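Architecture and fold: a report
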Amino acid sequence: MGTDLVTELKSILPASQLITGKDLQDRYAHIWEMDRPIEAMAIAMPKSTAEVAGILKCCYRNEVTVVVHGGLTNLVGSTRSTPSDLIVSMEKMNAILELDQNARNITVQAGVILESVQDAAAEADLLFPLNFGAKGSAQIGGIIASNAGGLRVIKYGMTRDLVMGLEVVLADGTVINSLKKLVKNNTGYDLKQLFIGSEGTLGIVTAAVLKLVEKPSFRGSALVGLDSYDQVIQFFRRVDINMAGALSAFEIMWLETYRALSSPPSTPKAPLPYTYNFYVLFECMGGSWIKDTLEEFLIEEVEKDRIRDAMPAFTQAELDWFWMIREDVGPMTGLCKNAQQFDISMSPPLIGEYVQKVLSDLSDIDEIGPVFPFGHVGDGNIHLIVGKQTDDNSLTQRVNEVVYGHLQGIEGSVSAEHGIGLDKRAYLSYSRSPQEIALMRSIKKALDPRGILNPGRIFALD
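From a predicted model like this one, the values you see are computed outputs, not experimental measurements.

Conventions and cut-offs
- Residues numbered from 1 in each chain as written.
- Predicted model: local features only at pLDDT ≥ 70, side-chain atom pairs only at ≥ 80, totals over all residues.
- Heavy atoms only, no water.
- Phe/Tyr/Trp six-rings, centres within 6.5 Å; stacked < 30°, edge-to-face > 60°.
- Helix = DSSP H or I, 4+ residues; strand = E, 2+ residues; numbered from the N terminus.
- Buried < 20%, exposed > 50% of the residue type's maximum accessible area, 1.4 Å probe, protein only.
- Lys NZ or Arg CZ within 6 Å of the ring centre and 35° of its normal.
- Core = buried A, V, L, I, M, F, W, Y, C linked by side-chain atoms within 4.5 Å.
- Contact = heavy atoms within 4.5 Å.
- Disulfide = S-S within 2.5 Å.
- Axes fitted to C-alpha atoms, helices over the stretch in contact; angles between N-to-C directions.
- Parallel < 35°, antiparallel > 145°, perpendicular 65-115°, else oblique.
- Left-handed = near helix turned anticlockwise from the far one by under 90°.
- Nonpolar A, V, L, I, M, F, W, Y, C, P; charged D, E, K, R; others polar.

**A short note on the packing of aromatic side chains**
This structure, assessed with the given rule, holds 15 aromatic pairs. Between F235 and F297 the ring centres are 5.8 Å apart and the planes differ by 20 degrees, which places this aromatic pair in the stacked class. With F235 in helix α7 (residues 229-242) and F297 in helix α9 (residues 289-303), this pair connects stretches of sequence that are 62 residues apart. The class of F235 is buried, set by a relative accessible area of 0%. Ring plane angle 90 degrees and centroid distance 5.4 Å describe the contact between Y427 and Y430, whose orientation is recorded as edge-to-face. Taken as a pair, Y427 and Y430 share a single burial class, namely buried. Three or more aromatic residues link up through ring pairs in this structure, and these residues are F235, F236, F250, F282 and F297. Above the plane of the ring of Y60 lies R450, whose end atom (NZ or CZ) is 4.3 Å from the centre.

**Notes on the nonpolar core**
With 55 residues, the main nonpolar core has F235, F250 and F282 as its most contacted residues. With six residues, α7 is the largest single contributor of residues to this core. Every residue in contact with F250, bar those within four places of it in the chain, is listed here: I154, V232, F235, F236, V239, V280, L281, F282, G375, H376, V377 and G378.

**Things to note about the state of the cysteines**
Within this structure, the stated rule accounts for zero disulfides. For C59, which is in no disulfide, the shortest distance to another cysteine sulfur is to C58 and amounts to 6.7 Å.

**Topic: the packing of helix α12 (residues 351-363) against helix α13 (residues 393-405)**
With their axes 9 Å apart at the nearest point, α12 and α13 run at an angle of 155 degrees to one another. Taken as axis vectors, α12 and α13 run roughly antiparallel relative to one another. Considering only the axes of α12 and α13, their crossing is right-handed. Two secondary-structure elements touch here, α12 through Y354, V358, D361 and L362 and α13 through V399, V402 and V403. Its residues assigned to classes, the contact of α12 with α13 shows six nonpolar, no polar and one charged.

Laid out in structure tokens, this is it:
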């Protein structure tokens, strides 16, 4: 079967777009696992939607399973494959097709890197507001497939809020072209939303029309020290009120997280001393009025003893300094052997108590090392990096039960922005009802009846 499919693919793709045999050993499934050769039947690298359609027609006819590769930055095992899988890599579909400055949108192929979209928008004096640490490697197709969030969700929303139109190839090779540039289009089902966040299980995204916004003339940030989580929540509300809708990001770091991110071997130095329980880094984007308003607001907050300390950042050098601390998680993973990472969400007021319970329960497990909580408190999304003495599966499951178990009683989500993939599917029922899961399965069956697209992602196949 595999040999027949590869032979068939050679009639569709040039040799330079098909990797087989020993050459597969030079490829990997994740940017953090470059030392592990990939397992796959072959890797197909289409350059056009027509080639993607041809590949899927072959796979559908031969019932060969397909694993889709983008920037390989996912954290839920989505890009792992087996020797019987064909990998479809979108890396060569990396063209920016059009930027409409007046309509404020950009049309791109799925393999375009997020940072390239940001740069193209900036050259046109516009902004593509989606932003996160992996912007230099994450591809638009994967970002759409996982409905990525990042640092500016408060003001601009998740990926699904920034997608105007999509082109998708279904499992049988059918091309759904809906690259519309309409803000309002109330003609039946909004089909693009089926594919945003579906983790490549319903179709392969090949192109997208993305919403751009006017580039703010000014950007300001501040790092603030606080003593309690209740103070964090109250401060969040006051910032939002006083900054008149300009608040774009509101990030939180617990003390030990902040220490790890701002002390050697980490590069950036600490702007504030290590004397507070919580550190909030927030960003405001808008007009030049932000500078004076933000400075006056912070002075008043300190004088009224609502916050312990604060340092603003307005120049590009200051902004880069502050945000490097928050965006580079490398120092934390470097301090954690066998690091286990989590991406969860809940109502923002519940975060403080939730994290306290999780830290307490994890401290009772002898094999656990440092634990670093941080995240986007403004939209209720918290990340945890947990160090472990071993990578034993039973210990991994025990940690999972602690982190996910406390979400059940508070209607939290086991995945805020990274998806379910292979690693979280056992915990999908913690956040979704049986009826919801049954409906998702029926949608999968309708669009991919042979179950060839990213099999086993989100839920196990029947």
